[in-house]
Structure formats: C-alpha cells, structure tokens
Amino acid sequence: MALAAAPANLVGKQSLRVVVIGDPGTGKSSLVVSAATERFPGDVPRVLPPTRLPVDYFADRIPITIVDTSSSPEQRSKLIAECQSADVVVLTYACDQPATLERLSSFWFPELRRLQLEAPVIVVGCKLDLRGEEQGTLDAVMAPIMVAFREIETCIECSALRQILVYEVFYYAQKAVLYPTAPLFDQEAQMLKLRCMRALKRIFILCDHDRDGAFSDVELNDFQVICFNAPLQPNEIIGVKRTIQEKLTEGVNENGLTLTGFLFLHTLIIGNGKLETTWTVLRKFGYDNELKLRDDLIPAIKRAPDQTLELTSQVIDFLRGIFNMFDTDNDGALQSAEINDLFSTAPENPWSSHLYENCAENNVLGGLSFEGFISKWTLMTLIHPSNSFANLIYVGYPGDFDSAFTTTRKRRVDRKKKQTQRNVFQCYVFGPRHAGKTALLQSFLKRQPSDAPPVNGEQFAANTVELPDGTRKTLVMREISEGDVGPLLSDKESLAPCDVAVIVYDSGDEVSWQRARELLVQVATRGKNTGYEVPCLIVAAKDDLDQSPLALQDSTRVSHDMGIETPIPISVRLRDLNNIFCRIVHAAQQPHLSIPETEAGKTHRQYRQLLNRSLTVVSVGAAVAVVGVAAYRVYAARKNASS
C-alpha cells in the first residue's frame, strides 16, 4: 500500500507558535535550548525568552517560535495568555519523577479544559536517560491517560542531555498543527469523523470519471498523480487493493476500489500515523482545517446594499439534473432521506438550519417538489450567497461563480426607471403580536397555521407566484417579529434588501391597528431618511371575524393620507386571500409606486411646490418687466423719430 505524501500546505499559517508548559523541574528550558542549539546547556535560566528555531530545521521551512513558561502562581496569568495564543502546546513531565506524570491527570489537563484550549497537545517525558526500568514502557504509562484525555495528539519521551528524540518532539508538534488528527478521526470510536467522510466522498465522486462507483486502476493512478504528482506502479496498485480486500471484502469489486474501500484506506493511513497523506488529498481539493472549502475558493461578493444575487438559468438546469438524480423513487419530490443524500458530499445539510426547515411548500407526504427545491436555493442565494455557491460546489456544480449568479440592478435605479427586471422579490412582513403574520406566511406555503411547528427567531417563506399574464416570479417573505423591529431599523441599510413591506394588523382589534400604524410610520420614515424607500401594503387580517369600525375607518384614512393602497382584507381561515401574493409582487414590480409619504416628506414636498410656484411667479414677473422695458424703448425710439 503506497500513497505518497506531498509537502505541507500551511492553509494560511505563516509561522507556528509552540508553548512549552509543565511542572517546575521537568526539563522545559533544557528541552528548548537543546532543540535550538543541538547541545545540552550547562547553565539554563529558569525561564527562557521566546526562541526561534532555524527556518530550515524542518523540510517544510516553516518558522517556529518556542515559548518557555513558568508555572509559578505569580506567572499564572501569563501562562494562561500564552496557552490561549499557542498553535500547539507541549506539556512536559519528568521521567524520573512519577509525581509529575500524575500531575498531568490531576492538574494540567483539567486546567487546559477549563481554559477551553483548542490547540493540540503533545505530551513529552523529559530526562529519558534517568528513567528507571521499573517504571514500565511509554505505551503502558500513557495508555490510560490518552483514554481519559482525547485531546492528546502524541506522546513521546526524550533526553536533552543525550540528544535523544529532541528533534522529534518539535517535528510532532509541527505535524499536530499542519496535519491535525481531531478534524479527521474519532480516537474513541476509531473511525473517520463524519465531515472527513463527506469530504472524501466528494473527492471520490469527482475522480470516479466513469461514474461506476469504483476507482479503476487507471482512475486510482490518476488520483495519485493529481494529489501527489507521482504515478503508482502496477504492483503498488495491486498491493493497495489486496490490502483493502483482505480486511474489507466490499472494499473492492470487479470495477476496482469502491467508495467503502476508499474510506477504509484512509482509516488505515490515519491509523498508521500518516495523517499528512490524507491531509494532502483534502487540501489538493480545497479543504481547510475545518473540512470546508477554503475562503479563497469562494469569490468576494461585491454589490451595493440594495443589490441581490439570483440563480442563473444555467444553475437551475444543473439543479434540475441533481433533483432528478436524487429523486430515486421518481415521485417528483425529494423526501428528507433523499435531501440528506444529496448533501452527503457537503460538510452538513445546509437546510437543517431552522431558517430552511419549513420555508418551502411540501406535498401531502412531506416531499419537496422541484419548485420548492429551487425556492430553498433561491432563499439561500438571497440571504447567504457565499454559502449557496459553496454548496453548489459540494454537490458537483462545475461552473464558476459568474455562471452561477447574476447581480440585480440597484433598487434606487429601479425606482428612477419605474421598473425592475428582478425575478426574485423579498417582502418584509411587519405587524404587532397576534396580528396574523405567521398565518400569512403559512398560507403562502399552502399550510394552515396549526400545521406549522413553532419557530424561534427569523422565519422565511419562499414560493413561486404566477401572475395574471402567465409569468412566474419567486417571492420570499420574511416575518419581522415586533421585538425585532427596533434592532432591524437601527441599521441604516436594513431596508436595502427589501422590495416591498407588508404591515399586517388584526382587523377586529383597534389596538392592533394603532400599533400597525406606528410600524408603518417607522418603516416609511426610516426608508425616507436612509434613501431606501420601499413600497408598502396594509393587510387587514382575520376578515372573517367581527370588524372594528374605528380601525377600518382610520386605516382607510391613513392609507389615503400616505398615498398608498387602502387596506387589503384577508381571511386565512376561510382561505380568502384576496389575491394578496400577486398584489405584493405587483407592488414590487412598480418600485416607484405605493411608497408611503410621511409628514416630514409631505412638508418637504409642499415646500418644494411652494418654492416652485414662487419661482414661477418671479419668472413671469421678470418676463413681464423685460417685455415692458422693451416696449418702452420701442415707444421712445418712435417718439424721437417723429419729432
């Protein structure tokens, strides 16, 4: 079995900081000096200043700084600070002092856990030359400690005096940072972690060019060349497959190395301590230490606050193919298991978040239709385009960012041009508690409010709206709870992504309308002050119940005064929605209309009108004066001529 490793990829790290800790007298300072000078020091200070290893100390030529520490109580805060800034911690004990070994379990590891240390830990037994034979082997001594403290990356014993394994201490320290075990392998279960399996599955699928579910000899060799720039010899290919088949029958079939065998191969590699091999594969395909695509592979998105991204037809065609591929029962819908399978090459299912769980329409069996599938992708693109593109890559999209998304025109420009070319509209739904906001969103997804599970935090509903002319647009409705209105509107750009705002109130409750009116004024004022004005509609919900005459009268007057449409009555319970969703889209398509006029705006408009009228009067007066002067001059000239 031979998969060769390649030089380290730092994944953004420019240097490593190794912090050495442990009980007094365990040999910390001697270890540091011995590593830096390759000789045992005669006289060592109690604590050394930070020490830099030569840049060529390891073949990777990564600058390494070793920080010595004191464990005295007065230096505790400094010790904590150093541990928290460490890339890797070297924790020492003295081989000739069993009490220092016991202190690892009784003090040091509990303390590191209390500090929530995230850096890997290398346990180092110093003064190996003084170890007594009665103390047992390293494996026997450390086995129970490693079982209790899984954060231990490696255990090693060394002698600074004899220069035994000093180099290896810092080699393993470097390796623990560059090729960490924790993201890849569950030490307790002795198996690959889920994210690691998902990443390797994606890599396997990408390299399985004939899509037969197995690496042929040619594909296995191509994979080796891609990752390690070196081919496999025929006898090495045979050796790899034989090793897998001997331990796992289903790891190899008549077509070659299966996905199961590929994953098992990496389990063996990691178990043999060759983590650099698996990491080289992962990094070749763009993964960082969290087993997600590196940030530099996702382009920075440059757009104005009032611009959004939409899926292109090319991506929608790709997603249609993916949808059909994973609709294994050909029922025209994806069940939960099929969606999980679709995202099994991503770090996790992005739609497991509460934002996406109930945001699209499902059929009676709970399946997600293609329209619902695209609605979820549309929502993800709208609120988190970087995540949307990353997940497109995870599920196999071969194109680049520009082929996946189109950037819309600025909404301010749309208002000036009195039209928009957008295909996706976002509606913010405001209203007091119990006004009917959630019911409106659920009705958009063809659900009764009682069918919806309780939701904490933001709630979205995304669906397609067919307009009277036959065109189809995607509408995304975002419910804004009453408590979130203040924080939302405190952000200057909060209304920039909003195409239309809907203010919902309980038509039978005068207090509900009074609060809705306040919200309408807040939204209108904030839009006017920030330049992100939005069309507004008022929805009088629960129209099937007793109406409040005062609320009806005042809401009609307010809508007239503000220059917007009169309240739209709806009843979700009776499913009498008064064509509300088409009306929302229609308002969004005419961004210059339905913008409420505030008192400040009205005063400003009246002032401008008065100013314009004044200027007109002045202009007419000036014109009359000019004509009068001219007439007088003509008259005077004629009079002089006649005399």
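Scroll up to find the structure this text is about.
Residues numbered from 1 in each chain as written. Predicted model: local features only at pLDDT ≥ 70, side-chain atom pairs only at ≥ 80, totals over all residues. Heavy atoms only, no water.

**Looking at the overall build of the protein chain**
Then comes step 1: Within the protein chain, the secondary structure is distributed over 23 helices and 21 strands.
Then comes step 2: Within the protein chain, the proportion of its 643 residues that are buried is 49%. (Helix = DSSP H or I, 4+ residues; strand = E, 2+ residues; numbered from the N terminus. Buried < 20%, exposed > 50% of the residue type's maximum accessible area, 1.4 Å probe, protein only.)

**Quick notes on the pattern of salt bridges**
Then comes step 1: If you walk through the whole model with that rule in mind, you get 28 salt bridges.
Then comes step 2: A salt bridge links D414 to R409; the nearest nitrogen and oxygen atoms lie 2.7 Å apart.
Then comes step 3: Look at D414 and you get buried, because its relative accessible area is 3%.
Then comes step 4: Connected through salt bridges with shared partners, the residues R409, R411, D414, R422 and D499 form a single ionic network. (Salt bridge = Lys/Arg side-chain N within 4 Å of Asp/Glu carboxyl O.)

**Quick word on the side chain of E310**
Then comes step 1: If you trace the backbone, E310 turns up in strand β12 (residues 309–311).
Then comes step 2: Only 3.1 Å separates the side chain of E310 from the backbone nitrogen of N423, close enough to count as a polar contact. (Polar contact = N/O pair within 3.5 Å; in protein donor to acceptor, adjacent residues only side chain to side chain.)

**Re unusual backbone geometry**
Then comes step 1: Of note, the phi angle at K418 is positive, near 60°, even though the residue is not glycine.
Then comes step 2: In this fold, K418 is placed in the loop between α17 (411–417) and β16 (424–430).

**Side note on the pairing of strand β20 (residues 536–541)**
Then comes step 1: Most of β20 is tucked away: six of the six residues are buried.
Then comes step 2: Residue alternation in β20 divides its side chains into two sets, C536, I538 and A540 and L537, V539 and A541, and both sets are buried.
Then comes step 3: Handedness of the crossover joining strand β19 (residues 500–506) and β20 through helix α20 (residues 510–530) is recorded here as right-handed.
Then comes step 4: Note that β20 and strand β21 (residues 568–569) share two bridges and pair parallel. What sits directly across from V539, in β21, is I568.
Then comes step 5: Handedness of the crossover is the feature at issue here: the chain leaves β20, passes through helix α21 (residues 549–562), returns alongside β21, and the resulting connection is right-handed. (Right-handed = clockwise from strand over helix to strand, strands pointing away. Pairing = 2+ DSSP bridges.)

**Focus: helix α2 (residues 76–84)**
Then comes step 1: For α2, the full list of buried residues reads L79, I80, E82 and C83. For α2, the angular spread of the buried residues around the axis is 165°, confining them to a single face. Set apart from the buried face of α2 by more than 90 degrees, the exposed residues are S77, K78 and Q84.
Then comes step 2: In this fold, the buried residues of α2 make contact with β1 (16–22), β3 (64–68) and α3 (98–114). (Arc of directions from axis to C-beta. Contact = heavy atoms within 4.5 Å.)

**Comments concerning the sheet that holds strand β18 (residues 472–479)**
Then comes step 1: With respect to topology, six strands assemble into an open sheet ordered β17-β18-β16-β19-β20-β21, the strand pairing being mixed. A strand with exactly one partner marks an edge of an open sheet, and here the two such strands are β17 (459–466) and β21.

Keep in mind these numbers describe shape, not what the thing actually does.
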